Amino acid sequence: MEISRRNLFKWAGFLGAGLALPKVVKAKVLTPKEKPLPYLDSEVYKPAVCKLCPALCMLQIRVVNGSPVGVAGMQGHPISQGAHCPKGGAILQDLYHPDRLRSPMRQTGPRDSGQWERISWDEAHQILHDKLFDLIRRGKPEALAMLAAPIRDIRHEIQKRFAQIFGTSNFWEWNWPLATGPLDAFKTMHGTSEGLFYDLANANLVVSFGWDWLQSFLSPVEAQRAFSLLRRARLERRTRMIQIEPRLSVTASKADEWISIKPDTEGVLALGVAHVLIQENLYDKNFIVQWASGFEEFKKLVLKEYEPQKVSEIVGIKTDQIFQIAHEMASIRPALAITCRTSRFNQIAVHSLNALVGSIGVKRGILATEAEKYQLTLPPLSIPKPKTEPIASLDGIPEAILAPSSSPIEILWMERVNPVFLSPQPAQWKKVMEKIPFIISFSSFLDESSQMADIVLPPHHSLEAWQYGFSPTLEGHGVISFAPPVIDPIYNTGDHGDFILGLAKSLGQRFASAFPWETFVESLQKAVKKAGADEPMKKGGWWEYQAEIANIASTIKTGSKKIKLASEALTSVVEGAQDPSHPLRLYIHVPMAYSFGEGAHLPYLHSLAGAHLGEQWETWVEIHPYTAKRLGIADKQEIWVESLAAKIKARARLYEGIREDTVSVPFGLGHTALGRYARGIGSNPGELLSSEMDVSGQIAWQRARVKVYGA
């Protein structure tokens, strides 16, 4: 405004008139108008089971005027103990997400074209019914494949039973390997993986081989709780933590000692430690004699192939450190060697150490629980075994489908899984889907895999439907948790369990008799009544079963009744392919915000992912300052990371917490779908990986070699 004599007099007049007004009138006229706060008609706190990861913690949802507005941990719940992880805190963003699917969708254009139309649930039912009935008519039940999230609840059981009654053995659970214990090693060495768990909260010595467990444990909340228990300094001994990992992760930063080794060499190091234990007679002879088989073959292999000097050159640490780890594991009993589900080689090598030091079947070591038997189940049903074997293991699906001229799978049924994003070489899975004639996906969002589907069915959000979940605690007890719907469904979504029940009834008497319930809730009530857990289900709550801890013998299901030291799985030193043109190793890490490779669609989680470097909303590459200087790369510079398979763009961040011969990239970003907050944000390091398997037939997640240069 122009400051003139005329304007000055005008504003002075307004001011004088205002001051002359009576006090009451002045307050009414001059007080700024503000929109009043909503009237607080009701405020309640309702229980909920968080389904954003397999931990299944219970939450308390603050509901104001009928709308969920706040989240807190459920006080006293055996898993969460009143806390929640970042994902639990983001559950309302998931509920109110603007890109949540609001109705069943049918793809009208070519796959991945983004051309969709809304259809009714009845139409979706009829389309799938006709497709499945056609397989039944042609006697090809094995042409149905089901890929499901490993959430342990009754809906999952219904889905699994549907596959069984249909007659297909092609049912897989999509486990995220970097957040799961060494199930393959347990199965190979014990004959079963059921019920085995690390007594982490009571350990004397934890030697973690490549598992950033404070970030990527099955239950992040329980991992944090275990850490707090370990650090409470028991009077008789302070727990010692050794973290063996290429990168200074959250776990490494909180450990007593961080030993930085080359990626994917954890198993080799473990066998070097085994060499010292055997060579110096530090292993538990009584345990080996009584409980282990194959020791002589294992000993021969280890002493011949894994001499510490040789191992130190492969893994990139000093020989003395191998002796140090061995001596500590031999002297601090029981020592606990832990690892996640990376290569089968690494898993078996690491778990062999637990056998050598006699840490299996003892408190503070490896225990077995019978908690699983308290999981709610459907009534048993006698179903003949499918006539055909699965076409492949989970990792081998792409090859099994792409190799023949026509796909052995005609219908792919996905339930909350996204292999086109979560796999090494995701483009390979995209080709798999292009070859499958019909795909249906149960998903709340159009993720990369759902975009390849013919029909997408959005299930109710976990706050909109009855929830049940089973989880084992750190102590090996079983917890079943219940929660009624917090609110009615916001959109035209459906109950996944109800849809399967309706589908089964329409396929004939054989199916109908296997599913004698009208609704999922009815099946849940029957299971609850059988378990005697009616009370917590009525209003939402939990039931904890004090499961018995099994003895050593009950952890072993092998034919010999002994733990198998599987030397045949460790027959050659694993060393990634040398390639001077790609001199750096790639190490993929998973921040808690993106645990299980999920969460990039939630803005709150973006803000937490790279807190140690102030990074958010983008993919960064951790590179050692010396390496960066040698390559002429500056901090925060955009660079390319290139492997033989692909190249991705990311921002370089100089970080002393990474080896000079390695760069590290977080996993979780780089979506090409999944809504506005995920699509086009960052890069997917999974594209840099090959489909290479380790010597024992498992995907090698940490073996890629790369080069980096300015973008």
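Everything below is about the structure printed above this text.
Residues numbered from 1 in each chain as written. Predicted model: local features only at pLDDT ≥ 70, side-chain atom pairs only at ≥ 80, totals over all residues. Heavy atoms only, no water.

1. A short note on the overall build of the protein chain
The cut-off we apply is this: Secondary structure elements are taken from DSSP: a helix is a run of H or I of four residues or more, a strand is a run of E of two residues or more, and numbering for both begins at the N terminus. With the radius of gyration taken over C-alpha atoms, the globule rule is written as 2.2 Å times the number of residues to the power 0.38. A contact between two residues is defined here by any heavy atoms of the two lying within 4.5 Å. To measure how exposed things are, a 1.4 Å probe is used in the Shrake-Rupley method; for residues, cover is taken only from the protein chains shown. Working convention for charge: Lys and Arg count positive, Asp and Glu count negative, and His plus the chain ends are omitted. In plain terms, the charge of a residue is placed at NZ if it is Lys, CZ if Arg, CG if Asp and CD if Glu.
The secondary structure content of the protein chain amounts to 25 helices and 28 strands. By the compact-globule yardstick of 27 Å for 711 residues, the protein chain fits well, its C-alpha radius of gyration being 28 Å. Over its C-alpha atoms, taken along the principal directions, the protein chain stretches across nearly 100 × 75 × 55 Å. Considering only contacts within the protein chain whose residues lie at least 6 apart along the sequence, 73% involve residues at least 24 apart. Per element, the accessible surface of the protein chain, about 29300 Å² overall, is 53% carbon and sulfur. Each charge sign in the protein chain was given a centre, from 79 positive and 74 negative side chains, and these centres are 4 Å apart.

2. Topic: the packing of aromatic side chains
Applicable threshold: Planes of paired rings set the category: under 30 degrees apart is stacked, over 60 is edge-to-face and the rest tilted, where pairs are Phe, Tyr or Trp rings (Trp by its six-membered ring) whose centres lie within 6.5 Å. Exposure classes here rest on a 1.4 Å probe applied to the protein chains alone. A residue is buried below 20% of its type maximum, exposed above 50%, and partly exposed in between.
In total, this model carries 21 aromatic pairs according to the counting rule given. Centroid distance W176 to W701: 5.3 Å. Interplanar angle 75 degrees. Geometry classified as edge-to-face. Here W176 is found in the loop between β7 (171–173) and α7 (183–190), whereas its partner W701 is found in the loop between β27 (662–666) and β28 (705–710), with 525 residues between them in sequence. Here the two residues W176 and W701 agree in accessibility, since each one is buried. Relative to Y545, the ring of Y374 lies with its centre 4.4 Å away and its plane at 5 degrees, an arrangement referred to as stacked. With Y374 in the loop between β14 (366–369) and α17 (397–402) and Y545 in strand β20 (residues 541–545), the pair connects residues that are 171 residues apart, well separated along the chain. The class for Y374 is partly exposed, based on a relative accessible area of 24%.

3. Side note on the sheet that holds β28
Paired through their backbone hydrogen bonds, the strands of a sheet run either parallel or antiparallel. Which entries qualify depends on this criterion: Should DSSP find at least two bridges between two strands, the strands are taken to pair. As a rule, the C-alpha atoms of each element are fitted with a line to give its axis, helices using only the stretch in contact, and angles between N-to-C directions run from 0 to 180 degrees.
Around the barrel, six strands lie side by side as β23-β27-β24-β26-β25-β28; this closed barrel has mixed pairing. Taken over all neighbouring pairs, the strand axes of this sheet differ in orientation by 45 degrees on average, direction set aside. Pairing of strand β25 (residues 638–642) with strand β26 (residues 647–654) involves five bridges; the strand directions are antiparallel. Of the residues in β26, the one forming a bridge with I639 is A650.

4. Notes on the sheet that holds strand β16 (residues 438–442)
As summarised here, the arrangement of the seven strands in space is β5-β4-β17-β16-β15-β6-β7, forming an open sheet in which the pairing is mixed. One side of each edge strand has no neighbouring strand; the edge strands of this open sheet are β5 (116–118) and β7. Averaged over neighbouring strand pairs, the angle between their axes works out to 15 degrees when direction is ignored. Pairing geometry for β16 and strand β17 (residues 455–457), over three bridges, is parallel. Its bridge partner lying in β17, I440 is registered against I455. Across the sheet, helix α5 (residues 121–137) lies against β4 (105–107), β6 (144–148), β15 (411–415), β16 and β17, angled at about 135 degrees from β15, the strand it touches most.

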